[in-house]
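As a plain string of letters, each chain reads:
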Amino acid sequence: MPKNVLFIMCDQLRWDYLSCTGHPHLHTPNIDALAARGVLFDRAYVQSPICGPSRMSFYTGRYVSSHGSTWNNIPLKVGEMTLGDHLRPLGVRTALCGKTHMAADIEGLRRLGLSPDSEIGVLVSECGFEPYERDDGLHPDGARYARNAAYDDHMKDRGWKDENPWQSVANSAEDDDGNILSGWFLDHADKPARAADEESETPYITGRAMDFIREAGDKPWCLHLSYIKPHWPYIVPAPYHDMYGPETHLDPVRSPEEQRDPHPVYGAFMQERVSRAFSDDTARTRVLTAYMGLIKQLDDQIGRLMSFVAEQGIADDTMIVFTSDHGDYLGDHWMGEKELFHDASARIPLIVVDPRPEADATRGVKSSALVEAIDVVPTILDFFGGASVPHIIEGKSLLPVLHGKADRLRDFAVSEYDYSLRDVRKRLGVEVKDSKLTMLFDGRWKFVFAEGFRPMLFDVEADPDELTDLGADPGYLPEAARLERLFFNWARRTSQRTTISDAQIAARDASMGEAKAGILIGYRNEEELRQVLNPGLSKTDQK
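1. As for the pattern of salt bridges
Move 1: The final tally for this structure, using the stated rule, is 48 salt bridges.
Move 2: Asp 343 is the partner of Arg 347 in a salt bridge, and the nearest nitrogen-oxygen pair spans 3.1 Å. Exposure class is identical for Arg 347 and Asp 343. Each is buried.
Move 3: For Arg 408, the salt bridge identified is with Asp 411, shortest N-O distance 2.9 Å.
Move 4: On the basis of relative accessibility, which here comes to 55%, the residue Arg 408 falls in the exposed class.
Move 5: One network of salt bridges, in which partners are shared, links Asp 42, Asp 343, Arg 347, Lys 446 and Glu 466.

Next comes the structure, spelled out in structure tokens:
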């Protein structure tokens, strides 16, 4: 039996900010080495382009409209099966080191009489993971956010006396006069964080993952190592803070035409404060300097971790999954943050290393198969020999591609976004129930269904930068109609019947079962009943 899975997720890492995915200046040799050992899935998409719902899809293997956690801090309801729920019956310890963005369904726990601090309650509250160390990476001053006491202790051990070292040390700079310069402000993004490299968040959480691996022993495990960078605050320690000057920055992918008559929802997002900030070249340059430095730091830590895995003698027993929860616009399309469906936001890096000989033929392959975030859970379950449960998990195992037995898994990828909690909804005058966007991408055409508005449509083959929205062009109505039919068929899928499989239903003989139970509906006489209960007997024998 395969022994281990190391499921690595970065936060807000764009698909194209690695050298193995094409960035010409940002060299990531350690992540590239993973791609050389496994398969790089070049067309991978998240189920929602924002942290919370994206991660809930990663952890359940289900679409957002199936699991119902549609935005950050909207709880994943009690009863949703997660990766840990699938693996624990197989004897696999399933643990977390880092971020999940999970919000517990406290009302659901209370209704079932479960305490959040009970053994079951903790697993439900932590998205099915044993919380070796949970750190969502947002600990600003204020009662709303729970501080990570372990990281605070780590910083105190390093000699920092600050009340909140996450904010004032790891995510702040300092000027020559000793003034603290908060990393929340984009003007400070190109300055070095006060924290030294080895005490900052990415090396710290790498060290904690190594602690888990040391302690895990011989029992099979799946560790979700979930980094909280290169997500904002955009600030990084020396020497990474000035490695990537403006000469290494890619020009923003945007056009004045996008601003002239945009789709109403897109236009409203362009008006957001963060979008206006990233449309300013000075602010964008400062952020890119830090963002690229944060990725370089991540790559160095991946190298440190992989060396440790090799030293522990477990490299040949351990599957590696490397990915991100979504991208970052970084000024592309006049946008900041994520949330819409251009590739800068919805497309992610995905590398899977299967150490077994069956995957030898595909090592170093770049696959063009359309894959989704929900494919990670069934891939890991398949690796551990677990049974397929398609009535629960909506994703598809990637092992057929990894083993060279398939080069295509699906005809289209889907991503969903609920903008009801954004100022955009109020700006547009849209009701909460209608604040929905759904993207369908078939490998060429990217179609976005926008409730109450015309669709967006991009021909990614002819327009790979997605600069021209064809959704209002009458000449493309047939294409839009075709894609809308695909969307309609997808939306009609059965996704809530998770307690019994299609195969179990198909194996049942409803009429026979009812008859044996004494429920006799539609029978004209006893002879007809006998024929149903004993179809192989002659009428004489039945008597």
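2. Quick word on unusual backbone geometry
Move 1: A cis geometry characterises the amide bond from Trp 232 onward to Pro 233, with omega recorded as 0°.
Move 2: Looking at the secondary structure, you find Pro 233 in the loop between strand S7 (221–230) and helix H10 (257–260).
Move 3: Residue Ala 238 is joined to Pro 239 through a cis peptide bond whose omega torsion reads 5°.
Move 4: Inspection of the secondary structure assignment puts Pro 239 in the loop between S7 and H10.
Move 5: Positive phi values are uncommon outside glycine, yet His 333 reaches one of about 60°.

3. Looking at the packing of aromatic side chains
The way to describe two aromatic rings as a pair is by their centre distance and the angle between their planes.
Move 1: Counted under the stated rule, the structure contains 18 aromatic pairs.
Move 2: Relative to Trp 232, the ring of Trp 184 lies with its centre 5.8 Å away and its plane at 50°, an arrangement referred to as tilted. Remark: Trp 232 occurs in the loop between S7 and H10 and Trp 184 occurs in the loop between strand S6 (180–182) and helix H9 (201–216); sequence separation between them is 48 residues.
Move 3: A centroid spacing of 6.0 Å and a plane angle of 75° characterise the contact between Tyr 234 and Phe 278, whose relative ring orientation is edge-to-face. Of this pair, Tyr 234 sits in the loop between S7 and H10 while Phe 278 sits in helix H12 (residues 273–278), and the two are 44 residues apart along the sequence. Accessibility assignment for this pair places Tyr 234 and Phe 278 in one class, buried.
Move 4: Here the guanidinium or amino end of Arg 254 rests over the ring plane of Trp 334, the centre of that ring lying 4.5 Å away.
Move 5: Across from the ring centre of Trp 490, 4.0 Å away, lies the NZ or CZ of Arg 493, which sits over that ring.

4. Quick word on the sheet that holds S7
What holds strands together in a sheet is hydrogen bonding between their backbones, with the strands either parallel or antiparallel.
Move 1: In space, the eight strands of this open sheet follow the order S4-S3-S7-S1-S8-S9-S2-S10, with mixed pairing throughout. Two strands in the sheet have a free side with no partner beyond their single neighbour: strand S4 (130–134) and strand S10 (365–372). Neighbour to neighbour, the strand axes of the sheet diverge by 20° on average, direction disregarded.
Move 2: Taken together, the four bridges between strand S8 (residues 318–324) and strand S9 (residues 347–353) define a ladder with antiparallel strand orientation. Along S9, the bridge assignment pairs Thr 323 with Leu 350.
Move 3: With respect to the sheet, helix H1 (residues 29–37) is in contact with strand S2 (39–45), S8 and S9, its orientation differing from that of S9 by roughly 60°.
Move 4: Where helix H13 (residues 281–311) meets the sheet, its contacts fall on strand S1 (4–11), S7 and S8, and the angle it forms with S7 comes to roughly 155°.

5. As for the sheet that holds strand S11 (residues 413–418)
Move 1: Strand order across the open sheet formed by four strands is S11-S12-S13-S14, with antiparallel pairing between neighbours. Two strands close off the open sheet at either side, each with one partner strand: S11 and strand S14 (456–459). Pairwise comparison of adjacent strand axes, ignoring direction, gives a mean angle of 10° for this sheet.
Move 2: Sheet topology places strand S12 (residues 436–441) next to strand S13 (residues 445–450); five bridges connect them, and they run antiparallel. Note that in S13 the partner of Met 439 across the bridge is Val 448.
Move 3: Where helix H18 (residues 477–491) meets the sheet, it contacts S11, S12, S13 and S14, and its direction lies at approximately 65° from that of S13.

6. With respect to the side chain of Asp 418
Move 1: Tracing the sequence through the fold places Asp 418 in strand S11.
Move 2: Buried and without a salt bridge, Asp 418 has Arg 425 as its closest oppositely charged side chain, separated by 7.3 Å.
Move 3: Of note is the side chain of Asp 418, whose polar atom sits 2.7 Å from the side chain of Ser 420.
Move 4: With residues up to four places along the chain from it excluded, the contact list for Asp 418 reads Thr 70, Trp 71 and Ser 435.

7. Considerations on the environment of Pro 264
Move 1: Tracing the sequence through the fold places Pro 264 in helix H11 (residues 264–270).
Move 2: Residues Pro 264 and Val 169, spaced 95 residues apart in sequence, show a C-alpha to C-alpha distance of 41 Å.

8. Side note on the packing of H1 against H13
Pairs of packed helices are described in terms of their axes, by the angle between the two and the distance that separates them.
Move 1: The N-to-C vectors of H1 and H13 enclose an angle of 55°; their axes lie 7 Å apart at closest approach. Taken together, the axes of H1 and H13 are oblique relative to one another. On the side of H1, the interface is formed by Pro 29, Asn 30, Ile 31, Leu 34 and Arg 37, while H13 contributes Lys 296, Asp 299, Asp 300, Ile 302, Gly 303 and Met 306.
Move 2: A class-by-class count of the residues in the contact of H1 with H13 yields five nonpolar, two polar and four charged.

9. Quick look at the environment of Pro 131
Move 1: Among the structural elements, Pro 131 can be located in strand S4.
Move 2: Judged by relative accessible area, which is 31%, Pro 131 ranks as partly exposed.
Move 3: The sequence separation of Pro 131 and His 224 amounts to 93 residues, and the corresponding C-alpha distance is 9.8 Å.
Move 4: Setting aside anything within four residues of it in sequence, one finds Pro 131 in contact with Leu 96, Val 122 and Glu 126.

10. Some points on the state of the cysteines
Move 1: Tallied over the full model, the rule gives zero disulfides.
Move 2: Between Cys 10, a free cysteine, and Cys 20, which holds the nearest cysteine sulfur, the sulfur-to-sulfur gap is 11 Å.
Move 3: On the basis of relative accessibility, which here comes to 16%, the residue Cys 20 falls in the buried class.

Conventions we followed
Residues numbered from 1 in each chain as written. Predicted model: local features only at pLDDT ≥ 70, side-chain atom pairs only at ≥ 80, totals over all residues. Heavy atoms only, no water. Salt bridge = Lys/Arg side-chain N within 4 Å of Asp/Glu carboxyl O. Buried < 20%, exposed > 50% of the residue type's maximum accessible area, 1.4 Å probe, protein only. Helix = DSSP H or I, 4+ residues; strand = E, 2+ residues; numbered from the N terminus. Phe/Tyr/Trp six-rings, centres within 6.5 Å; stacked < 30°, edge-to-face > 60°. Lys NZ or Arg CZ within 6 Å of the ring centre and 35° of its normal. Pairing = 2+ DSSP bridges. Axes fitted to C-alpha atoms, helices over the stretch in contact; angles between N-to-C directions. Contact = heavy atoms within 4.5 Å. Lys, Arg positive; Asp, Glu negative; His and termini not counted. Polar contact = N/O pair within 3.5 Å; in protein donor to acceptor, adjacent residues only side chain to side chain. Parallel < 35°, antiparallel > 145°, perpendicular 65-115°, else oblique. Nonpolar A, V, L, I, M, F, W, Y, C, P; charged D, E, K, R; others polar. Disulfide = S-S within 2.5 Å.

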